[in-house]
Amino acid sequence: MKVDLGDLNAFLAVARAGGFREGARVSGSSASFLSEAVRRLEAELGVRLLNRTTRSVVPTEAGKGLLERLGPALTEVESALDVVNGFRDKPAGSLRLNVPVSAARLVLPAIIPRFLATYPDIRLEVVTEESFVDVLAAGCDAGIRYDERLEQDMIAVPIGPRVQRFATAASPDYLDRHGRPQHPSELLGHACLLGRFASGALTTPWEFERDGEVVRVEPSGPLIVRVGGATDLSVDAAISGIGIICVFEDWLRPHLESGALEPILEPWWQGFSGPFLYYPGRRLVPAPLRAFIDFVKTSSNSPVQLGLKA
């Protein structure tokens, strides 16, 4: 029996993703390529591995057994190849990161160009994702998330600014017409621009802190956008005088400096810890990922092991 390693990887991608289309998105292949690879594998093995319907793709009993043993085995193969990769002058291969839009916009631009210039043989793919995902199931080597959204049993390395703030701002024209709030509670009388996470939850309450006093308000307003992908639309609306926005300070910084937006309640802006690069704590880390970890650690603290969370 001669089974192609690529066909095994195709089956793994489809089975983990629960479909050919999603498997193609995660693996970077086409759905037709994956379908043909799985068909070829089933023909070689002489057994059906996936039950296919118009709505779902589910492993058969044989498929479940293969999936259970195949994942760890292919991980070992990749690790073995990375041992050889470690003997190269410079690591080579693919690195896939799963990151929120905010990190892709505010953190990675200061890192990625220098990293790729240092490691020209590494091919980096950045996948933006706001929802909580399993980075391995998504076909990624590592991810970037904030502390409260880190996955369990992962190694975490600080990346980017260690302290960030949420900033509130509006256009000078809006504030001239509607007044400048002096206390967070006054936001309830203003038009505020809100966000919605992929989970469906709104980015409220807005939380402020000053001299130990914490104030939470539930503002409302004329516009709600998807967090991350549509945040720029909300920023443009604020600049146009539609209402007050509350997002990462670094996202608004160019507009605050240009005067297009005016800061509001700055003494109340609440800080929070910066993001982390996180990855599985397995014995052998792929060479491209190891190179990236070492690169970001030059200006970060030591990695920490994340335990189970209740």
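Our subject is the structure that appears above.
Predicted model only: the values in this text are computed from it and were never measured.

(A) Examining the overall build of the chain more closely. A tally of regular secondary structure across the chain gives 10 helices and 16 strands. Looking at the chain as a whole, 44% of its 310 residues are labelled buried. Long-range pairs, those at least 24 residues apart, make up 74% of the contacts in the chain with a sequence separation of at least 6. Split by element, the accessible area of the chain, about 15,900 Å² in all, is 53% carbon and sulfur.

(B) The arrangement of the pairing of strand 7 (residues 163–170) in detail. Pairing analysis gives 3 bridges linking strand 7 to strand 14 (residues 271–273), with the strands arranged antiparallel. For Val-163, the partnering residue across the bridge sits in strand 14 and is Ser-273.

(C) Broad picture of unusual backbone geometry. Thr-204 connects to Pro-205 through a cis peptide bond whose omega is 5°. Residues other than glycine seldom take positive phi values, yet Asp-211 does so here, at roughly 50°. Looking at where Asp-211 falls in the secondary structure, it is placed in the loop between strand 9 (206–210) and strand 10 (213–217). With a relative accessible area of 78%, Asp-211 lands in the exposed category.

(D) Expanded view of the side chain of Thr-231. Residue position: Thr-231 is located in helix 8 (residues 231–239). Leaving out residues up to four positions away in the same chain, Thr-231 has contacts with Val-225, Arg-226, Val-247 and Trp-251.

(E) Focus on the packing of helix 8 against helix 9 (residues 249–258). For the pair helix 8 and helix 9, interaxial distance at closest approach is 12 Å and the crossing angle is 30°. Crossing geometry of helix 8 relative to helix 9 is assigned as right-handed. Here Thr-231, Asp-232, Val-235 and Ile-239 of helix 8 come into contact with helix 9, specifically with Trp-251, Leu-252 and His-255. Partitioned by chemical class, the residues of the contact of helix 8 with helix 9 number 4 nonpolar, 2 polar and 1 charged.

(F) Structural view of the packing of helix 2 (residues 20–27) against helix 3 (residues 31–45). In contact at an axis separation of 8 Å, helix 2 and helix 3 are set at 110° when each is read in the N-to-C sense. In terms of orientation, helix 2 and helix 3 fall into the roughly perpendicular class. Only Ala-31, Leu-34, Ser-35 and Val-38 of helix 3 make contact with helix 2, whose side of the interface consists of Phe-20, Arg-21, Gly-23, Ala-24 and Ser-27. Within the contact of helix 2 with helix 3, the residues separate by chemical class into 5 nonpolar, 3 polar and 1 charged.

(G) The arrangement of the side chain of Arg-145 in detail. As for its placement among the helices and strands, Arg-145 is situated in strand 5 (residues 142–145). On the accessibility criterion, Arg-145 (2% relative accessible area) is buried.

(H) Quick peek at the pattern of salt bridges. Applying the stated criterion across every chain yields a total of 15 salt bridges. Salt-bridge contacts for Glu-42 lead to Arg-52; the nearest nitrogen and oxygen are separated by 3.0 Å. You can see Glu-42 sitting in helix 3 and its partner Arg-52 sitting in strand 1 (residues 50–52), a full 10 residues away along the chain. Salt-bridge contacts for Arg-165 lead to Glu-266; the nearest nitrogen and oxygen are separated by 3.6 Å.

(I) Inspection of the packing of aromatic side chains at higher detail. Considering all chains together, one arrives at 8 aromatic pairs under this definition. For the pair Phe-115 and Tyr-119, a centre-to-centre distance of 5.2 Å together with 45° between the ring planes defines the contact as tilted. The pair formed by Phe-115 and Tyr-119 is uniform in burial state, with each residue classed as buried. By the ring-pair criterion, three or more aromatic residues cluster together here, those being Phe-115, Tyr-119, Phe-292 and Phe-295. Note that Arg-162 overlies the ring of Phe-276, its terminal NZ or CZ placed 5.0 Å from the centroid.

(J) Broad picture of helix 10 (residues 287–297). The element helix 10 is extensively covered by neighbouring structure, given that 8 of its 11 residues are classed as buried. Inspection of helix 10 places Ala-287, Pro-288, Leu-289, Ala-291, Phe-292, Ile-293, Phe-295 and Val-296 among the buried residues, and these make up the whole buried set.

(K) Local environment of the pairing of strand 10. Taken together, the 5 bridges between strand 9 and strand 10 define a ladder with antiparallel strand orientation. Pairing of Trp-206 across the sheet is with Val-217, part of strand 10. Linkage of strand 9 to strand 10, two consecutive antiparallel strands, is achieved through a turn of 2 residues, within which Asp-211 is found at a positive phi near 50°.

(L) Representation of the nonpolar core. One finds Leu-95, Leu-97, Phe-115, Ile-159, Leu-277, Tyr-279 and Phe-292 to be the most contacted residues of the largest nonpolar core, which totals 26 residues. No other element matches the 6 residues that helix 10 contributes to this core.

(M) Representation of the environment of Gly-93 within the structure. Note that Gly-93 resides in strand 3 (residues 93–99). Spatially, the C-alpha atom of Gly-93 lies 9.0 Å from that of Pro-286, the residues being 193 residues apart in sequence.

Analysis parameters
- Each chain has its residues counted from 1, running along the sequence as written.
- Predicted model: local features are reported for residues with pLDDT of at least 70 only, side-chain atom pairs are reported and counted for 80 or more only, and whole-chain, interface and lining totals are derived from all residues.
- Side-chain numbers here rest on the full set of heavy atoms in the structure, without hydrogens or water.
- Here a strand is any run of E in DSSP of at least two residues, a helix any run of H or I of at least four, and the numbering for each starts at the N terminus.
- The cut-offs for exposure are 20% and 50% of the maximum accessible area for each residue type, with area from a 1.4 Å probe on protein chains only; residues under the lower value are buried, those over the upper are exposed, and the others partly exposed.
- By definition, residues are in contact when any of their heavy atoms lie within 4.5 Å.
- We get accessible surface area from the Shrake-Rupley algorithm with a probe of 1.4 Å; when it comes to residues, only the shown protein chains can shield them.
- Two strands pair if DSSP finds at least two bridges between them.
- Angles run from 0 to 180 degrees between N-to-C directions of axes, and those axes are lines fitted to C-alpha atoms, restricted for helices to the stretch in contact.
- Throughout, a crossing is termed right-handed when the near helix is turned clockwise from the far one, and left-handed when it is turned anticlockwise from it by less than a right angle.
- Nonpolar residues are Ala, Val, Leu, Ile, Met, Phe, Trp, Tyr, Cys and Pro. Charged residues are Asp, Glu, Lys and Arg, and all others, Gly as well, are polar.
- Under this scheme an angle from 65 to 115 degrees is roughly perpendicular, one under 35 degrees roughly parallel, and one over 145 degrees roughly antiparallel; angles in between are oblique.
- The term salt bridge refers to a pairing of a side-chain nitrogen on Lys or Arg with a carboxyl oxygen on Asp or Glu at a separation within 4 Å.
- What counts as a ring pair is set by centres within 6.5 Å for rings of Phe, Tyr and Trp (its six-membered ring), and what kind of pair is set by the plane angle: stacked under 30 degrees, edge-to-face over 60, tilted for all other angles.
- A ring is scored as having a charge over it whenever the NZ atom of a lysine or the CZ atom of an arginine sits within 6 Å of its centre and within 35 degrees of its normal.
- Working definition of a nonpolar core: buried Ala, Val, Leu, Ile, Met, Phe, Trp, Tyr and Cys residues. They are joined through side-chain atoms within 4.5 Å.

By themselves, these figures tell us nothing about what the structure is for.
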